[in-house]
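Structural overview for review
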Amino acid sequence: MNGIPTPTVDIQWASDAPDAPDEPHLCEWVRHAAIAAGGVVGDITLRIVDEDEIRTLNRDYRDKDATTNVLSFPFDMPEGLPEGAVEPLLGDIIICDAVVCREASEQLKPLDAHWAHMVTHGVLHLLGYDHIDDDDALVMETLEIRALGELGFPDPYSPAHDEGQAPPENTEFNP
């Protein structure tokens, strides 16, 4: 994709997710998010789960006993392994179909736009971006808005979520 390195994507279907996008779209969104962040080589696993699994993961790894839309788990190389012992692994993104569908409906967003946003959000977390403080949130949200706009999706943070809305002009961030 334009000479920019992109990750390989493995999709795991751990839930009956009738409203989830198909694999080609999910892979495209993962790769496009990586490009927006400057490109990256490695493997990403995208796992589509039900509410029970995401709640368990959220409780066990984040001490939050509640469902959530997306979780990201960057890969940490185990100590003692020699350099290059494993292929470059970036980590896992876990998305709950039921939560994403419910949020899209509640927020009056097109379902595919919300899915693309959750995939993009998860990839950026894997690559080290976060939204804990305002400055970091601005960087991450700017990348999300730009990446989604390039895919033809509206700004996910805008109060107006019309499918035909053009992306904002204030996305001049270069990482």
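Below, the structure is looked at part by part. (Residues numbered from 1 in each chain as written. Predicted model: local features only at pLDDT ≥ 70, side-chain atom pairs only at ≥ 80, totals over all residues. Heavy atoms only, no water.)

Looking at the overall build of the chain
Within the chain, the secondary structure is distributed over 5 helices and 4 strands. When the helices and strands of the chain are listed from N to C terminus, the series reads β-α-β-α-β-β-α-α-α. In the chain, the share of contacts with a sequence separation of at least 24, taken over all contacts with a separation of at least 6, comes to 64%. Taken as a whole, the chain presents about 9,400 Å² of accessible surface, with 47% of it coming from carbon and sulfur. (Helix = DSSP H or I, 4+ residues; strand = E, 2+ residues; numbered from the N terminus. Contact = heavy atoms within 4.5 Å. Areas by Shrake-Rupley, 256 points an atom, 1.4 Å probe, with all protein chains shown as cover.)

Digging into empty space enclosed by the protein
Scanning the model with the defined rule gives 1 cavity of 30 Å³ or more in all. Roughly 60 Å³ of volume is contained in the largest cavity. Lining the largest cavity are 11 residues; nearest its centre among them are Lys109, Ala113, His114, Pro154 and Pro156. Top contributing element to the lining of the largest cavity by residue count: helix α4 (residues 111-126), with 3 residues. (1 Å grid on protein atoms, 1.4 Å probe; cavity = no way out; pocket = protein on both sides within 12 Å on 5 of 7 lines; lining within 4 Å. Points joined across faces, edges and corners; volume = space filled by probe spheres on them.)

A closer look at the pattern of salt bridges
All told, the structure shown has 4 salt bridges when counted by the stated rule. Between Arg59 and Asp60 there is a salt bridge, with its nearest N and O atoms 3.1 Å apart. By relative accessible area, which is 37% here, Arg59 ends up partly exposed. The class for Asp60 is partly exposed, based on a relative accessible area of 46%. (Salt bridge = Lys/Arg side-chain N within 4 Å of Asp/Glu carboxyl O. Buried < 20%, exposed > 50% of the residue type's maximum accessible area, 1.4 Å probe, protein only.)

Quick notes on the packing of aromatic side chains
Inspection of every chain in the model, using the stated rule, returns 2 aromatic pairs. With centroids separated by 5.8 Å and ring planes inclined at 75°, the aromatic side chains of Trp29 and Phe153 adopt a geometry described as edge-to-face. Separated by 124 residues along the polypeptide, Trp29 in helix α1 (residues 23-36) and Phe153 in the segment after α5 (134-150) bring together distant segments of the chain. On the basis of relative accessible area, Phe153 is assigned to the buried category, the value being 10%. Considering the side-chain rings of Tyr61 and Phe73, the 5.2 Å spacing of their centres and the 70° angle between planes classify their relative orientation as edge-to-face. One end of the pair, Tyr61, is in helix α2 (residues 51-62); the other, Phe73, is in strand β3 (residues 70-74), with 12 residues separating them in the sequence. The class of Phe73 is partly exposed, set by a relative accessible area of 21%. (Phe/Tyr/Trp six-rings, centres within 6.5 Å; stacked < 30°, edge-to-face > 60°.)

A look at the packing of α4 against α5
The N-to-C vectors of α4 and α5 enclose an angle of 135°; their axes lie 10 Å apart at closest approach. Relative to α5, the element α4 lies oblique. Where α4 crosses over α5, the two elements pack in a sense that is right-handed. Contacts between α4 and α5 involve Ala116, His117, Thr120, His121, Leu124 and His125 from the former and Met140, Leu143, Glu144, Ala147 and Leu148 from the latter. Each residue belonging to the contact of α4 with α5 can be placed in one class, and the counts come to 6 nonpolar, 4 polar and 1 charged. (Axes fitted to C-alpha atoms, helices over the stretch in contact; angles between N-to-C directions. Parallel < 35°, antiparallel > 145°, perpendicular 65-115°, else oblique. Left-handed = near helix turned anticlockwise from the far one by under 90°. Nonpolar A, V, L, I, M, F, W, Y, C, P; charged D, E, K, R; others polar.)

Remarks on α2
Taking 1.5 Å as the rise per residue, α2 with 12 residues should run 16 Å; its terminal C-alpha atoms sit 15 Å apart, in good agreement. Those residues of α2 that are buried lie in contact with β2 (43-49), β3 and β4 (89-96). You can read the cap of α2 off the contacts: a side-chain oxygen lies 3.2 Å from the backbone nitrogen of Asp52, and it is on Asp50. Once α2 finishes, Asp63 follows within two positions and takes phi at roughly 55°, a positive value. (Expected span 1.5 Å × (residues − 1). Polar contact = N/O pair within 3.5 Å; in protein donor to acceptor, adjacent residues only side chain to side chain.)

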